[in-house]
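# Secondary and tertiary structure notes
Here is what each chain is made of, one letter per residue.
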Amino acid sequence: MADVISFLEALLPLSLTILIAGGLGGIAAFLTTSKTASTQVRFGITGFAMVGIIAAFTVPLFLSLLQSNILSEVKSGENSEAYLIFGGFCILAGFSAKAFLSTLSDRVINELTNKMADGQERAEVQIQELKDNLAYQLQMKETATADQNSLLSPKLSQTGRSLSDLEKTVLSALGDLAVRTIDGISQDCGISRTQVEDAVAKLIDRKLATHRSPFGTGRRLVSLTEDGLELAARLAASAIL
């Protein structure tokens with residue numbers, strides 16, 4: 001119960017600011033609207049104030065989409081100017097309530113659509129990689145395995161030590177699955193597609209990776225060579241190169 005009271009006490013000043021500023025913005029809109037247009041709105045000045053308040057209550061959502069810290073400063077109470085800025089936003093929202101709500105609605109829908117599309121794209125990449133690996137492993141009768149206890153050849157050991165951090169990251173990602181896509185590596189490593197392509201090209205030059213187009217699909221995938229598998233296994237086990 002004490003937590004609820006504390007929450008309401010923290011919310012009260014914010015809510016009053018929204019109510020007053022949103023209402024003032026609505027009244028300002030009524031006063032600056034032509035008499036003919038204002039009579040077309042229900043309840044006259046009261047209707048303008050109500051719509052203004054409704055629009056003002058969406059200002060926190062608007063600020064969160066902008067990734068603004070104004071709301072945090074208002075709640076902390078450390079910055080008195082933040083209250084004035086927040087109140088100004090609420091007045092503007094109340095003054096242009098119809099346009100503000102319409103714009104905010106479109107923005108929220110676009111944000112949700114983009115996130116859904118991004119999530120779907122990531123899922124499609126992961127599913128396709130799983131399909132590629134299943135088909136590849138069914139096609140291959142033998143898989144290269146690395147003996148972590150054996151010593152690396154001097155040449156391979158030198159190659160491993162000369163790899164950049166980015167190349168090691170991509171090499172480790174390639175070792176997770178038999179064949180991989182550039183998009184899949186980019187997502188797992190959190191690096192750009194261009195960086196992955198550059199690192200893969202260097203690994204291919206070092207004879208640690210190769211391009212494959214198995215199953216007659218024409219898809220261009222990337223896999224490790226035997227040397228690449230051995231180095232990836234050493235990296236995964238934190239063994240000395």
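Source: prediction; values computed, not measured. (Residues numbered from 1 in each chain as written. Predicted model: local features only at pLDDT ≥ 70, side-chain atom pairs only at ≥ 80, totals over all residues. Heavy atoms only, no water.)

## Quick look at the overall build of the chain
Along the chain, the regular secondary structure elements total 12 helices and 2 strands. In the chain, buried positions account for 31% of the 241 residues. Relative to all contacts within the chain whose residues are 6 or more apart in sequence, the contacts with residues 24 or more apart total 67%. Working note: accessible area of the chain is about 15,200 Å², and carbon and sulfur atoms make up 58% of it. (Helix = DSSP H or I, 4+ residues; strand = E, 2+ residues; numbered from the N terminus. Buried < 20%, exposed > 50% of the residue type's maximum accessible area, 1.4 Å probe, protein only. Contact = heavy atoms within 4.5 Å. Areas by Shrake-Rupley, 256 points an atom, 1.4 Å probe, with all protein chains shown as cover.)

## Comments concerning the side chain of Ser-186
Turning to its location among the elements, Ser-186 is positioned in helix α10 (residues 182-189). When its relative accessible area of 14% is taken as the criterion, Ser-186 is described as buried. Here the side chain of Ser-186 touches Ile-191 through a polar contact of 2.5 Å, landing on its backbone oxygen. (Polar contact = N/O pair within 3.5 Å; in protein donor to acceptor, adjacent residues only side chain to side chain.)

## Focus on the packing of helix α3 (residues 44-56) against helix α6 (residues 80-95)
Packing of α3 against α6 leaves a shortest axis separation of 7 Å and a crossing angle of 130°. Taken as axis vectors, α3 and α6 run oblique relative to one another. For the pair α3 and α6, the sense of crossing is right-handed. The segment α3 lies against α6, with Gly-52, Ala-55 and Ala-56 engaging Cys-90, Ala-93 and Gly-94. Residue composition of the contact of α3 with α6, by class: 4 nonpolar, 2 polar and no charged. (Axes fitted to C-alpha atoms, helices over the stretch in contact; angles between N-to-C directions. Parallel < 35°, antiparallel > 145°, perpendicular 65-115°, else oblique. Left-handed = near helix turned anticlockwise from the far one by under 90°. Nonpolar A, V, L, I, M, F, W, Y, C, P; charged D, E, K, R; others polar.)

## Some thoughts on the side chain of Thr-17
Assignment of secondary structure puts Thr-17 in helix α1 (residues 2-31). Those residues within four positions of Thr-17 in sequence are excluded, and the remaining contacts are Gly-22, Tyr-83, Phe-86 and Gly-87.

## Considering α10
Within the span of α10, buried status applies to Ile-182, Gly-184, Ile-185, Ser-186 and Gln-187. Gly-190 lies just past α10 and shows a positive phi near 70°.

## What to know about the pattern of salt bridges
By the definition in use, this model includes 4 salt bridges. Among the salt bridges present, the one from Asp-188 reaches Arg-180, with a minimum N-O distance of 2.7 Å. Classification of Asp-188 as partly exposed rests on a relative accessible area of 49%. Relative accessible area serves as the criterion here: at 2%, Arg-180 is assigned to the buried category. (Salt bridge = Lys/Arg side-chain N within 4 Å of Asp/Glu carboxyl O.)

## Points about the UniProt feature "transmembrane region" (unreviewed entry) in the chain
Mapped onto this numbering, the UniProt entry gives "transmembrane region" (unreviewed entry) at residues 12-31, 43-63 and 83-101. A distance of 28 Å separates the end C-alpha atoms of residues 12-31, which is 100% helix and 0% strand. This span, residues 83-101, is 95% helix and 0% strand, and a straight line between its end C-alpha atoms measures 22 Å. (UniProt positions renumbered as here; feature names shortened; annotations may be inferred.)

## Things to note about a nonpolar patch on the surface
Residues Leu-12, Leu-16, Leu-19, Ile-20, Leu-24, Phe-57 and Ile-91 make up a contiguous nonpolar surface patch of about 620 Å² in total accessible area. The greatest single-element share of the nonpolar patch, amounting to 5 residues, is contributed by α1. Positionally, Phe-57 belongs in the loop between α3 and α4 (59-65). Since its relative accessible area comes to 41%, Phe-57 is described here as partly exposed. (Patch = residues over 30% accessible without salt bridge, like charges linked within 9 Å, V, L, I, M, F, W, Y side chains within 5 Å.)

## Some points on unusual backbone geometry
Glycine aside, residues mostly have negative phi angles, and peptide bonds mostly take the trans form. Unusually for a residue other than glycine, Gln-67 sits at a positive phi of about 55°. Here Gln-67 lies in the loop between α4 and α5 (70-76). Its identity is not glycine, yet Lys-207 carries a phi of approximately 65°, on the positive side. With respect to the helices and strands, the residue Lys-207 is situated in the loop between α11 (193-205) and β1 (209-212). Residue Lys-207 is classed as exposed on the basis of its relative accessible area, which comes to 59%.

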